[in-house]
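Examining the three-dimensional arrangement
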Amino acid sequence: MDKVAIESNASAMVAPGKGILAADESSGTIKKRFDKIQLESTFESRRAYRDLLFTAPGAEKYISGVILYDETIRQKSADGRPFPELLASRGILPGIKVDAGAKPLPGFPGETITEGLDGLRERLTEYRGLGARFAKWRAVIDVAAGIPSRCAIEANSDALARYAALCQEASIVPIVEPEVLMDGDHTLERCEEVTDAVLTAVFDALFLHRVHLEGMVLKPNMVIAGKKCAVQGTPQQVADATLRCLRRRVPAAVPGIAFLSGGQSEAQATLHLSLMNRAGAKPWQLSFSYGRALQQSTLDAWRGEAGNVAAAQKSFLRRARLNGLARDGKYDAAMEQAAA
Ligand code: 13P
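Let me sum up the structure you'll find in this document. Everything numeric here is computed off the predicted structure, so don't read it as measured data. The residue count restarts for each chain, going from 1 along the sequence in the order it is written. Local features in this predicted model are restricted to residues whose pLDDT is 70 or higher, and side-chain atom pairs enter the listing and the counts only when it is 80 or higher, whereas totals over whole chains, interfaces and linings include all residues. Where side-chain values are given, they derive from all heavy atoms of the structure, hydrogens and water being excluded.

1. As for the packing of aromatic side chains
Classification of ring pairs uses Phe, Tyr and Trp, with its six-membered ring standing for Trp, and accepts pairs whose centres are within 6.5 Å; under 30 degrees between planes counts as stacked, over 60 as edge-to-face, and the remaining range as tilted. Under the defined criterion, the tally for this structure stands at six aromatic pairs. Centre to centre, the rings of F34 and Y49 are 5.7 Å apart; their planes meet at 85°, and the pair counts as edge-to-face. Within this pair, whereas F34 is found in helix α2 (residues 27-36), its partner Y49 is found in helix α3 (residues 43-54), the two being separated by 15 residues in sequence. Connected via pairs of aromatic rings, a cluster forms that spans F34, Y49 and W302. A run of H or I in DSSP becomes a helix once it reaches four residues, and a run of E becomes a strand once it reaches two; helices and strands are each numbered from the N terminus.

Below is the structure:
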């Protein structure tokens, strides 16, 4: 393990004013996103869309890293350069999703375990050769009556820790992503209780597996009520509960926390991040690693038309810039109305 390299790359991923673009949608997920804009998902339409994002002028001001999918890390920009090379030339770190997805956890209806550990050591070596400097593994924890079970929490935490240790062995920074879903009708308090238990188990497992905390990035959910819960917390309540939970459970040695957006709207995800960054001293950087909350308006502006690329890139830049402001607590909801 090259400790100096992983520590410096982990810090660069959460550098002030910047955050990570999650563009690692699997083929199934990107198809769902393209279906919404009535666009067929093909090798070329996926390449063209990622090219639009990765060549957006000025994005490097706000984007520190991009998470790629296995297909994408092997694809090229229109000028023939492989995507990882293009990103690196702009000072953006290329990353790679390495889990094989959440599969049903046997014996625990409604719960999942993320797979992908077999052969991971060899895949990490290959991805490093292709330019990846960090990786991502997502564990999914659903909340419902009697769920999550202790088994789902511990099995997923153990897999996350085994993945993180393998990444560091290959001098790749692991993004450790335990996502408590915001589907369902659970309250904000219940989300806090579950997130607290999950983070406790995750850091126990990371300790057991001797993961070097200074060379990783945590990617958690925010503490937020389920989408179907009648009582939604105010933005300030979400920010307060999330910070309270993280302060209790995330060691100060971790350089940064980069939130997932998880189904929040673009404006919600940016506001929550900004409120947290406004809340005084914290031991870690508080950043973003958004998928949907960075791409929704870009996809809507593009709709698969070459003639819309410039407008879509402008839209992406605007979203990235607003999240860059949120990194400093300087975003205001009124900015959503202001012209791009
Ligand atoms: P969302 O921000 O759309 O939740 O995606 C982030 C991500 O990478 C989920 O694994």
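2. Points about the pairing of strand β6 (residues 134-141)
In terms of residue burial, β6 counts as a mostly covered element, since seven of its eight residues are buried. Each pair of strands is called paired provided DSSP finds at least two bridges between the two strands. Where strand β3 (residues 93-97) meets β6, three bridges bridge the pair, whose relative direction is parallel. Bridge pairing in β6 places I96 opposite A135. As defined by bridge partners, β6 adjoins strand β7 (residues 173-180) across eight bridges and the pair is classed as parallel. Pairing of I141 across the sheet is with V180, part of β7. Burial classes follow relative accessibility: with a 1.4 Å probe on protein chains only, a residue under 20% of its type's maximum area counts as buried, one over 50% as exposed, and anything between as partly exposed.

3. What about the packing of helix α9 (residues 235-249) against helix α10 (residues 266-277)?
To obtain each axis, a line is fitted to C-alpha atoms, and for helices this fit is confined to the stretch in contact; angles are then taken between N-to-C directions over 0 to 180 degrees. Where α9 meets α10, the axes come as close as 9 Å, and the angle between the chain directions of the two elements is 60°. Relative to α10, the element α9 lies oblique. The two elements α9 and α10 meet at a crossing, and its hand is right-handed. On α10, the residues touching P235, Q236, V238, A239, T242 and L243 of α9 are L271, H272, L275 and M276. A per-class count over the contact of α9 with α10 returns seven nonpolar, three polar and no charged. Oblique is the label for any angle not under 35 degrees, not over 145, and not in the 65 to 115 range, which are roughly parallel, roughly antiparallel and roughly perpendicular in turn. The sense of a crossing depends on the near helix, which, turned anticlockwise from the far helix by less than a right angle, makes the crossing left-handed and, turned clockwise, makes it right-handed. In what follows, a contact means two residues having at least one pair of non-hydrogen atoms within 4.5 Å. Put simply, Ala, Val, Leu, Ile, Met, Phe, Trp, Tyr, Cys and Pro go in the nonpolar bin, Asp, Glu, Lys and Arg in the charged bin, and everything else, Gly too, in the polar bin.

4. A short note on the pairing of strand β2 (residues 63-68)
Side-chain positions along a regular strand alternate between the two faces of the sheet. β2 sits mainly inside the fold: six of its six residues count as buried. As judged from the four bridges shared by β2 and β3, these two strands associate in the parallel manner. Paired with V66 across the strands is P94, a residue of β3.

5. A closer look at the side chain of N156
Relative to the elements of secondary structure, N156 occurs in helix α7 (residues 150-169). Counting of polar contacts relies on pairs of N or O atoms within 3.5 Å, with two restrictions inside protein: one atom must be capable of donating a hydrogen and the other of accepting it, and residues adjacent in sequence are counted only when both atoms are side-chain atoms. A polar atom in the side chain of N156 sits 3.2 Å from the backbone nitrogen of T114. N156 has contacts with T112, I113, T114, A139, V140 and I141, leaving out every residue within four places of it along the chain.

6. A short note on the pattern of salt bridges
Close approach of charged atoms lets side chains of opposite charge pair. We define a salt bridge as a contact between a side-chain nitrogen of Lys or Arg and a carboxyl oxygen of Asp or Glu at a distance within 4 Å. In total, this model carries 23 salt bridges according to the counting rule given. In this structure, R50 engages E25 in a salt bridge whose closest nitrogen and oxygen atoms are separated by 3.0 Å. Of the two residues, R50 sits in helix α3 while E25 sits in the loop between β1 (19-22) and α2, which places them 25 residues apart along the sequence. For the residue pair R50 and E25, the accessibility class agrees, reading buried in each case. Residues joined by salt bridges that share partners form a network here, namely D24, K136, R138, E177 and E179.

7. Points about unusual backbone geometry
At the junction of I147 and P148, the peptide bond is cis and its omega measures out at 10° in the coordinates. With respect to the helices, strands and loops of the structure, P148 is situated in the loop between β6 and α7. Phi is positive for R210, which is not a glycine, with a value near 60°. Positive phi, close to 50°, is recorded for R303, a residue that is not glycine. Inspection of the secondary structure assignment puts R303 in the loop between α11 (292-302) and α12 (309-326).

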